[in-house]
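# Close look at the chain arrangement
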Amino acid sequence: MSSLRIYNDNDFSQPLVFTEDGAEISRQLNEVGIRFERWSTRELEEGATPDSILAAYQAEVEKLKAENGFTTADVVSLTPTHPQKDDFRKKFLDEHRHSEDEVRFFVRGQGLFYLHLDDKVYVVLCRKNDLISVPNGTRHWFDMGPAPEFTCVRLFTNPEGWVAQFTGDEIASKAPRFEQLIEAA
Ligand SMILES: [Fe+2]
C-alpha cells in the first residue's frame, strides 16, 4: 500500500503524520504544492514493452504533457537482479535538486521519495498506479531499496535538465532508509 510519513527535519524518531489513505496522501501533498494522484489500473501483459505501456496510459500522459509542457515520456524499469542496482540506488540517495520536474508514474513496483519542504520531510512510498510530480528546485532524494523493483513512466520538458544538483546537506543519511521503513516485499 502507498503511504505518507511526515517528519520534522531535525527528528526522525517518530513521524508527525502517517497515513496509507490515498485521498489523504493526495490532500497532504497537494497542500504543499506536490501533485500526487492515483490512476486506474490497465491490463498489461507480462513483459509489456515501453511502447505498449505508453500506449496503455496515453490519455493520462497526453493530458499531463498538455497541462505542464512536458515534451517527452519514456519508461524505466529495474529489477532486483540488475548487476548495477547498488550503483543506481546510490545515485539519488543524497539530497539534490533538478532544474526539471521529476514526474514518475508507477506501472509496477515501488520507490520512496523524500521531499524536504521547509522544516519538514515528506516520505512518500509510491506503488503501482501512483503518480508523483516533484516540482523543479525541490530538495529531495529517492530510495529504491536494496532489491529495486519498479517500472515507471517518466515525463520531461528537457531530459538533459534532469541532472542531480546535490545540496551537500547530509540530512538523507539521518533519515530512515527504505529498509527501516518498508517491510521486505
Ligand atoms: Fe531526483
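In short, a report on the structure. Numbers given to residues run from 1 along each chain, matching the order in which its sequence is written. Owing to the predicted nature of the model, reporting of local features is limited to residues with pLDDT of at least 70; listing and counting of side-chain atom pairs is limited to 80 or more, with chain, interface and lining totals taken over all residues. Side-chain measures here rest on the full set of heavy atoms in the structure, leaving out hydrogens and waters.

For the iron ion, every protein donor is listed as His96 (NE2), His98 (NE2), Glu102 (OE) and His140 (NE2), and the spread of their distances is 2.0 to 2.2 Å. Note that water is not among the atoms considered, so a metal site may appear incomplete; the donors listed are N, O and S atoms within 2.8 Å of the metal, with 3.2 Å applied to Na, K and Ca. Going along the chain, you hit the donors of the iron ion in the pattern H-x1-H-x3-E-x37-H. Using a 1.4 Å probe on the protein chains alone, a residue whose accessible area is under 20% of its type maximum counts as buried, one over 50% counts as exposed, and one in between counts as partly exposed. Note on His98: relative accessible area 2%, which makes it buried. Glu102 gets classed as buried once you look at its relative accessible area, which sits at 4%.

Turning our attention to helix α3 (residues 58–68). Burial in α3 covers these residues: Glu60, Val61 and Leu64. The arc enclosing the buried residues of α3, seen along the axis, measures out at 95°, which places them on a common side. Turned more than 90 degrees away from the buried face of α3 sit Ala59 and Ala66, all of them exposed. The inward-facing, buried residues of α3 abut β3 (35–38), β4 (72–78), β6 (102–117), β8 (130–134) and β10 (150–156). Each helix is a run of DSSP H or I of at least 4 residues and each strand a run of E of at least 2, with the numbering of both proceeding from the N terminus. Arc, as used here, means the arc of the directions from the helix axis to the C-beta atoms. Note on contacts: a residue pair qualifies if any of its non-hydrogen atoms lie within 4.5 Å across the two residues.

Here we come to the state of the cysteines. Any two cysteine sulfur atoms within 2.5 Å of one another count as a disulfide. Within the structure shown, the criterion is met by zero disulfides. No disulfide involves Cys126; its sulfur sits 8.0 Å from that of Cys152, the nearest cysteine.

Note on definitions: salt bridges are taken to be side-chain nitrogens of Lys or Arg within 4 Å of carboxyl oxygens of Asp or Glu. Using the criterion set out here, one finds 14 salt bridges in the structure. Across the pair Glu62 and Lys65 runs a salt bridge, and its minimum N-O distance is 3.8 Å. In this pair, Glu62 and Lys65 both sit in helix α3, three residues apart, roughly one turn of the helix. Accessibility expressed as a relative area gives 38% for Glu62, which makes it partly exposed. A single salt-bridge network, built from bridges that share partners, covers Arg35, Glu37, Lys63 and Glu67.

A word on the nonpolar core. Ranked by size, the top nonpolar core spans 23 residues in total, and within it Leu29, Phe113, Leu115, Val124 and Ile132 carry the most contacts. For this core, the secondary-structure elements that each account for two or more residues are β1 (3–8), α1 (22–31), β6, β7 (120–127), β8 and β10. Looking at this core, the element that brings in the most residues is β6, giving four residues. For Val124, the residues in contact, after removing those within four places along its chain, are Ser3, Leu4, Leu29, Phe36, Gly111, Leu112, Phe113, Leu115 and Ile132. In these notes, a set of buried Ala, Val, Leu, Ile, Met, Phe, Trp, Tyr and Cys residues joined through side-chain atoms within 4.5 Å is what counts as a nonpolar core. Among the nonpolar cores identified, the runner-up in size contains 14 residues, and Phe12, Ile171, Phe178 and Ile182 belong to it.

This paragraph deals with unusual backbone geometry. Positioned with a positive phi, Asp118 is a non-glycine residue whose angle comes to about 50°. Here Asp118 lies in the loop between β6 and β7. We note that Asn129 has phi near 85°; this positive angle belongs to a residue other than glycine. Residue position: Asn129 is located in the loop between β7 and β8. Residue Asn129 is classed as buried on the basis of its relative accessible area, which comes to 11%.

With that settled, the discussion passes to the environment of Glu20. Mapped onto the fold, Glu20 is located in the loop between β2 (17–19) and α1. For Glu20, a relative accessible area of 40% translates into the label partly exposed. The spacing of Glu20 and Ser3 is 17 residues in sequence and 4.3 Å in space, taken between C-alpha atoms. Excluding anything up to four places from it in sequence, Glu20 contacts Met1, Ser2, Ser3 and Ile25.

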